[in-house]
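# Structural characterization, general
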Amino acid sequence: MKVLLVYPYFIDQRINEEDVSAIPMGLYYVGAMLRANGYAVDILNAYNLKGTPHRIYRVLGDKRPDIVGFSILHANRWGGIDIARMVKKVNPGATVIFGGVGATFLWDHFLTHFPEIDYVVRGEAEHSFLELVRWLEKAPSQPPPHIHGLAFRQADKPVKTDDREPIADLDSLPMPADYFTFQHVSLTRGCPSACTFCGSPAFWKRRVRFHSPDYFVTQLERLREKGVTFFFVSDDTFTLKRNLVIDVCRRIIDRGLDIVWVAISRVDRVDEAMLGWMRRAGCAQISYGVESGSQVIRDRFQKRISDKDIHRAFDLTTRAGIMARAYFIYGAPGESDQTIADSLAMLRRIRPLAAIFYILDLFPGTQLYEDYKRRTGVTDDIWLDRIEDILYFETDETLSQQAILDFGRQLREVYFALLPEFTQQIDLMDDPAFDALHADFLSRLGMTFSHGEYAMNPLVKDNLTIAVGLFERSLTYHPDHRAFWGLGLVYQHQHRFEESIDILNQGISHYQDSVDLHIALANSLIHRHRYKEAYQCLERFAHHPQVIDQLIRCCRFIGDRKKEHYWIGQLNHGQSNQQASPVA
């Protein structure tokens, strides 16, 4: 049997797409379990396929899957329903299976109202999905009541089987990296916390299980061998077990993986030594759920952290040379001008170098959603509307839409106005062993102001001045490649070509084989009409397509038609080969 696993599109466009555009890890684990047991499996990321049904129909027509499984987070449920209907049009006999956190909490709703959905896998899916596929392979006429963790229709009514026990030994699962290439990884499953806005407590029953350090690092190693160098560690709280985290970091270092990764943690679950190991092992950013500067609001969220915990974690994280990113939620029960002022005061105190501000949403499976149903008498049928979510303020007559918009505007405007000051106040630990890491941290941050997120944000003022300061400070720690390159590019943008030439030459003295530094230097030389020097700078890197473009430009200005025609021929030959090469 052929299986297609799908991550559906969302209705609304996301501001921070990196957090939701990637295929969830669970889909790769299900795919690995099926492939390890001999089934043909493909995975489709349909996140960017909204509005292009012809592309989805083409995949379904090409693959002709017998079974299509969907990863439903809730906000993408309508994308899943849309694609499920396409599946049934292409092949009415295909079996459609919904799974994931959204399907787990709305299994009755889906099976009651959407006939195109045949089964729902509740909770962890690896074993339930495999057992269901084996059952369907035998083409039985009745649903399988003996398979735990399922829901289906019986006598036209939704029913569910017994809950499946959580997988005790996560290392017993086939390793997804043996079959797929991806960037999101996890060391743990579950979260011990009970935050009222989160579905994790109900989904995982506040239990946490752990992969062994060897399994986790081996998976990183296999992905690194496939060319993946940047990872999102997607655990709810990566740092729950201090010694386990340190063991993981030691193994990453011992195996020389040379990777960069970001993680999520709680402010009360980090310490100085752990953060030091994480930084040495390649951690570049940790996201912390601050949620609010108001202790009253945090208590209503059951976010059991104190101001002291928050201050300490952000100070220690930044000192280690790790970007501390803060998550804030606004529009909560009891939100007011005073609680927003508390959040602004918290921002000023902790000085996060990245922050994301969310309006409080109500999702099935959360305590706040259950409270909403009790308050209003609504049922899950509210999700028959083509909406992604319900904003809490819409259910609270003490909060107006205008007030919420003002709160969000105030948080963002004040934060981004303060960001330049935060970059000047960065306090890094004084340890020569971290000098190269500090240089990397500062230059990476500098790039966000010169070429990244902050460069494109109109609320961030004087972004290039900030970038120059960060690049220059980076070089006081170590001759960092990115700092040389970034400074050279910023100086070019500012038409400071002689300074650009000088700093790029300094960089090349340390990184003689850097294509990026040589291309940037050639650009500055060309702007100073030093075409022969630019040509000499680039000639040894002629295998690079962008370099050939520059070589042609230099020859044109020098007046060497013979070389110009030669490089044009090389460029055309390279393009022809590229067009003829098969798609991976």
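The preceding data block contains the structure.
Keep in mind the model is a prediction, meaning the values are calculated, not measured.

Conventions and cut-offs
Residues numbered from 1 in each chain as written. Predicted model: local features only at pLDDT ≥ 70, side-chain atom pairs only at ≥ 80, totals over all residues. Heavy atoms only, no water. Helix = DSSP H or I, 4+ residues; strand = E, 2+ residues; numbered from the N terminus. Rg over C-alpha atoms; globule rule 2.2 N^0.38 Å. Buried < 20%, exposed > 50% of the residue type's maximum accessible area, 1.4 Å probe, protein only. Areas by Shrake-Rupley, 256 points an atom, 1.4 Å probe, with all protein chains shown as cover. Lys, Arg positive; Asp, Glu negative; His and termini not counted. Charge placed at Lys NZ, Arg CZ, Asp CG, Glu CD. Polar contact = N/O pair within 3.5 Å; in protein donor to acceptor, adjacent residues only side chain to side chain. Contact = heavy atoms within 4.5 Å. Pairing = 2+ DSSP bridges. Axes fitted to C-alpha atoms, helices over the stretch in contact; angles between N-to-C directions. Phe/Tyr/Trp six-rings, centres within 6.5 Å; stacked < 30°, edge-to-face > 60°. Lys NZ or Arg CZ within 6 Å of the ring centre and 35° of its normal. Core = buried A, V, L, I, M, F, W, Y, C linked by side-chain atoms within 4.5 Å. Salt bridge = Lys/Arg side-chain N within 4 Å of Asp/Glu carboxyl O. Expected span 1.5 Å × (residues − 1). Right-handed = clockwise from strand over helix to strand, strands pointing away.

## Quick word on the overall build of the chain
Within the chain one finds 23 helices and 17 strands. Here the C-alpha atoms of the chain give a radius of gyration of 27 Å, agreeing with the 25 Å that 2.2 N^0.38 yields for 584 residues. In terms of overall dimensions, the chain has a C-alpha envelope of 85 × 60 × 45 Å along the principal axes. Taken across its 584 residues, the chain has 54% of its residues classed as buried. Roughly 26000 Å² of accessible area belongs to the chain as shown, and the carbon and sulfur atoms make up 49% of that amount. For the chain, the separation between the mean place of its 67 positive charges and that of its 74 negative charges on side chains is 3 Å.

## A look at the side chain of Glu-564
Mapping Glu-564 onto the fold places it in helix H23 (residues 561-580). Residue classification places Glu-564 among the buried positions, given a relative accessible area of 6%. At a separation of 3.0 Å, a polar atom in the side chain of Glu-564 contacts the side chain of Arg-556. What Glu-564 contacts, discounting residues up to four positions off in sequence, is Ile-552, Cys-555 and Arg-556.

## Quick look at the sheet that holds strand S12 (residues 260-265)
With respect to topology, six strands assemble into an open sheet ordered S8-S11-S12-S13-S14-S15, the strand pairing being parallel. The two strands at the open ends of the sheet, each matched to only one other strand, are strand S8 (184-185) and strand S15 (354-359). Inspection of the sheet shows strand S13 (residues 283-291) paired to strand S14 (residues 323-330) by six bridges, in the parallel sense. Within S14, the residue paired with Tyr-288 across the bridge is Ala-326. Taken strand by strand, helix H15 (residues 401-424) contacts S14 and S15, and its axis lies near 180° from that of S15.

## Remarks on the packing of aromatic side chains
Under the counting rule described, the total for this entry stands at 28 aromatic pairs. Between Tyr-119 and Phe-152 the ring centres are 6.0 Å apart and the planes differ by 70°, which places this aromatic pair in the edge-to-face class. With Tyr-119 in strand S5 (residues 119-121) and Phe-152 in strand S6 (residues 150-154), this residue pair connects regions lying 33 residues apart in the sequence. Neither Tyr-119 nor Phe-152 differs from the other in exposure class; each is buried. Every member of this aromatic cluster is reached through a ring pair, and the members are Phe-328, Phe-357, Tyr-415, Phe-416, Phe-422, Phe-449 and Tyr-454. The ring of Phe-210 carries Lys-241 above its face, with NZ or CZ at 4.3 Å from the centroid. Seen from the ring of Trp-277, Arg-280 lies directly overhead, with NZ or CZ sitting 4.3 Å from the centre.

## Structural notes on the sheet that holds strand S4 (residues 95-99)
As a general point, the strands of a sheet are linked pairwise by backbone hydrogen bonds and lie either parallel or antiparallel. Judged by pairing direction, the sheet is mixed, and its seven strands sit side by side in the order S2-S1-S3-S4-S5-S6-S7 without closing on themselves. A single partner strand is all that each edge strand has here, and the edge strands are strand S2 (40-45) and strand S7 (157-160). Going from strand to strand, the sheet's axes swing by 25° on average, the running direction of each strand aside. With two bridges connecting them, S4 and S5 associate as parallel partners. Residue Phe-98 lies in a different strand from S5, and its bridge partner there is Val-120.

## A short note on unusual backbone geometry
Phi at Asp-462 is positive, roughly 55°, even though this residue is not glycine. For Asp-462, the location among the structural elements is in the loop between helix H16 (435-450) and helix H17 (463-477). Even without being glycine, His-495 reaches a positive phi, approximately 60°. For His-495, the location among the structural elements is in the loop between helix H18 (481-493) and helix H19 (497-510).

## A few points about the nonpolar core
Counting 194 residues, the largest nonpolar core has Phe-70, Phe-98, Phe-129, Trp-261 and Met-278 as the members making the most contacts within it. Residue contacts for Phe-70: discarding those within four places in its chain leaves Val-6, Pro-8, Gly-80, Ile-83, Ala-84, Val-87, Val-96, Ile-97, Phe-98 and Gly-99.

## A short note on the pattern of salt bridges
Taken as a whole, this structure holds 35 salt bridges when the rule is applied. Salt-bridge contacts for Lys-373 lead to Asp-380; the nearest nitrogen and oxygen are separated by 3.4 Å. Residues participating in the shared-partner salt-bridge network are Asp-214, Glu-221, Asp-247, Arg-251 and Arg-255.

## Quick notes on H16
Compared with an ideal rise of 1.5 Å per residue, which puts 16 residues at 22 Å, H16 spans 22 Å between its outermost C-alpha atoms and is within 8% of the ideal. Contact partners of the buried residues in H16: helix H10 (272-280), helix H12 (307-319), S14, H15, H17 and H18.

## Considerations on the environment of Phe-314
With respect to the element layout, Phe-314 can be found in helix H12. Separated by 84 residues in the primary sequence, Phe-314 and Phe-230 have C-alpha atoms spaced 23 Å apart. Other than its neighbours up to four places away in sequence, Phe-314 contacts Val-267, Tyr-288, Val-290, Ala-324, Arg-325, Ala-326, Ile-350 and Pro-352.

## Description of the pairing of S7
Where S6 lies against S7, four bridges are found, and the strand directions are antiparallel. Among the inter-strand pairings, Arg-153 is bridged to a residue of S7, identified as Pro-158. Once S6 ends, the chain turns through two residues before running back antiparallel as S7, passing Ala-155 with a positive phi of about 55°.

## Digging into the pairing of S12
Across the six residues of S12, five count as buried, placing the element largely inside the fold. Sheet analysis places strand S11 (residues 230-233) next to S12, joined by three bridges and oriented parallel. Of the residues in S12, the one forming a bridge with Phe-232 is Val-262. Read as a crossover between parallel neighbours, the route from S11 over helix H9 (residues 242-254) to S12 is right-handed. In the sheet, S12 pairs with S13 via five bridges, with the strands oriented parallel. Its bridge partner lying in S13, Val-262 is registered against Gln-285. Crossover connection from S12 via H10 to parallel S13: handedness right-handed.

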